[in-house]
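# Tertiary structure, described
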Amino acid sequence: MTEHPQDDLAAFALGALDEPERGFVDAHVRICVPCTEEVETYRVALHSYASAADVAPSDLRSRIVARASSGAPNGRSRDNAWTAWLRRPIALVPVALAVVILVSIATVLARPSDADRYASTIANIRDARILELSTTNSVSDLQGSLVIPREGAPYVVLRVHAPPSGRAWEAWVLHANTPLPAGLSASGGVVTITLTAPLAAGDGVAVTQEPSAGSAAPTSDPVLVVPRT
Ligand SMILES: [Zn+2]
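Sequence order sets the numbering: in each chain, residues are counted from 1 along the sequence as written. Totals for whole chains, interfaces and linings use all residues, but because this is a predicted model, local features are given only for residues with pLDDT of at least 70 and pairs of side-chain atoms are given and counted only at 80 or more. Hydrogens and waters are ignored; side-chain quantities use all the structure's heavy atoms.

## Structural notes on the environment of Pro163
Secondary structure elements are taken from DSSP: a helix is a run of H or I of four residues or more, a strand is a run of E of two residues or more, and numbering for both begins at the N terminus. Mapping Pro163 onto the fold places it in the loop between strand S3 (155-160) and strand S4 (167-175). Throughout this description, buried means an accessible area under 20% of the type-specific maximum (1.4 Å probe, protein chains only), exposed means over 50%, and partly exposed covers the range between. Judged by relative accessible area, which is 10%, Pro163 ranks as buried. A sequence separation of 23 residues divides Pro163 from Ala186, and the C-alpha atoms of the two residues are 6.3 Å apart. With sequence-adjacent residues up to four places away left out, Pro163 is seen in contact with Ala168, Trp169, Ser185, Ala186, Ser187, Gly188 and Gln209. We call two residues contacting when some pair of their heavy atoms lies within 4.5 Å.

## Some remarks on the side chain of Ser185
Within the fold, Ser185 resides in strand S5 (residues 178-185). Ignoring any residue separated from it by four or fewer positions in sequence, one finds Ser185 in contact with Pro163, Ala168, Trp169, Val191 and Ile193.

## Considerations on the environment of Leu133
With respect to the secondary-structure elements, Leu133 resides in strand S1 (residues 128-135). Sequence spacing of Leu133 and Ser145 is 12 residues, and the spatial spacing of their C-alpha atoms is 5.1 Å. Not counting residues up to four positions away in its chain, the partners in contact with Leu133 are Gly144, Ser145, Leu146, Val156, Leu158, Val205, Val207, Leu224, Val225 and Val226.

## Describing the sheet that holds strand S8 (residues 224-226)
Across the sheet, which stays open at both edges, the 8 strands sit in the order S5-S4-S7-S8-S1-S2-S3-S6 with antiparallel pairing between neighbours. The outermost strands of the open sheet, each flanked by one partner alone, are S5 and strand S6 (189-194). Strand-to-strand twist in this sheet, taken as the mean axis angle between neighbours without regard to direction, amounts to 30 degrees. Here, strands pair whenever DSSP counts at least two bridges between them. Strand direction decides the pairing type here: S3 and S6, joined by 6 bridges, are antiparallel. Residue Tyr155 lies in a different strand from S6, and its bridge partner there is Thr194. Every axis in this analysis is a line fitted to C-alpha atoms, fitted for helices over the stretch in contact. Angles between the N-to-C directions lie between 0 and 180 degrees. Strands in contact with helix H7 (residues 114-123) are S1, strand S2 (143-149), S3 and S6; relative to S3, the strand with the most contacts, it is inclined by about 160 degrees.

## A short note on the coordination of the zinc ion
Metal sites are built from N, O and S donor atoms within 2.8 Å, or 3.2 Å for Na, K and Ca, and they leave out water, so they may look incomplete. Within the protein, the zinc ion binds to His4 (ND1), His28 (NE2), Cys32 (SG) and Cys35 (SG); these donor distances fall in the range 2.0 to 2.3 Å. Around the zinc ion, the 4 donor atoms sit at angles spanning 103 to 114 degrees, and that spread fits a shape best called tetrahedral. The exposure class assigned to His4 is partly exposed, which follows from its relative accessible area of 39%. Assessed through its relative accessible area of 3%, His28 is described here as buried. A four-donor site is classed as tetrahedral when every donor-metal-donor angle falls between 85 and 135 degrees; four donors are called square planar, and six octahedral, when trans pairs exceed 155 degrees and all remaining angles lie between 65 and 115, with any other arrangement labelled irregular.

## A few points about the nonpolar core
Throughout this description, the term nonpolar core refers to a set of buried Ala, Val, Leu, Ile, Met, Phe, Trp, Tyr and Cys residues connected via side-chain atoms within 4.5 Å. One finds Leu133, Val156, Leu158 and Leu195 to be the most contacted residues of the largest nonpolar core, which totals 20 residues. Mapped onto this core, the elements with two or more residues apiece are S1, S3, S4, S6, strand S7 (204-211) and S8. Those residues in contact with Leu195 that sit more than four places away from it in its chain are Leu146, Ala153, Pro154, Tyr155, Val156, Ala171, Val173, Ala182 and Val205. Counting 15 residues, the second-largest nonpolar core is a separate cluster that includes Leu9, Ala10, Ala11 and Leu17.

Bear in mind that shape data such as this cannot, by itself, settle questions of function.
In structure tokens, the structure reads:
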């Protein structure tokens, strides 16, 4: 038997090998139990990451390979490591490192974006009225919805960047044209703020950025608003 092509097994499992390496590894794996098992380990990892991210394994595989072969478009060192690893000849990369690269790349690619998480959060709300908040001014990379459940307190779901240090997102109930402070969050990503001020029919809701302790009245323009419920 020839030597085990250990350094090619992860790429083989991903379908990232070109001929003649692919044919060589394929022929070897067919007659070698340890290598078959290792390839299976990579495939199981790929499938479990794909499943966790709710994408087809073939789709995740092609995204990984496409990203690797397109070089390092955003200049991150992770891409460089990955690209270098896939580039032949690379008989020096230890298998353990290959696994780490495979898993970390798969994790990065598979992590749902905030936009995806926001969309699925909204899609999974039941028994509630949902009003989309409008963005204002030049701030466009934000999303928000006011959720008025049949039972329980109304709340807003926001997709926002993390506020700068010392700042927070503050929700307001616009009651008879007076903004009432209604809750804070210093987080970014997909954020839920339960409204602490009562929301009456016809009230509006807005979100501003404020000092992290909150303000008694808004000190900045709203970034998201629904004029009337
Ligand atoms: Zn082998």
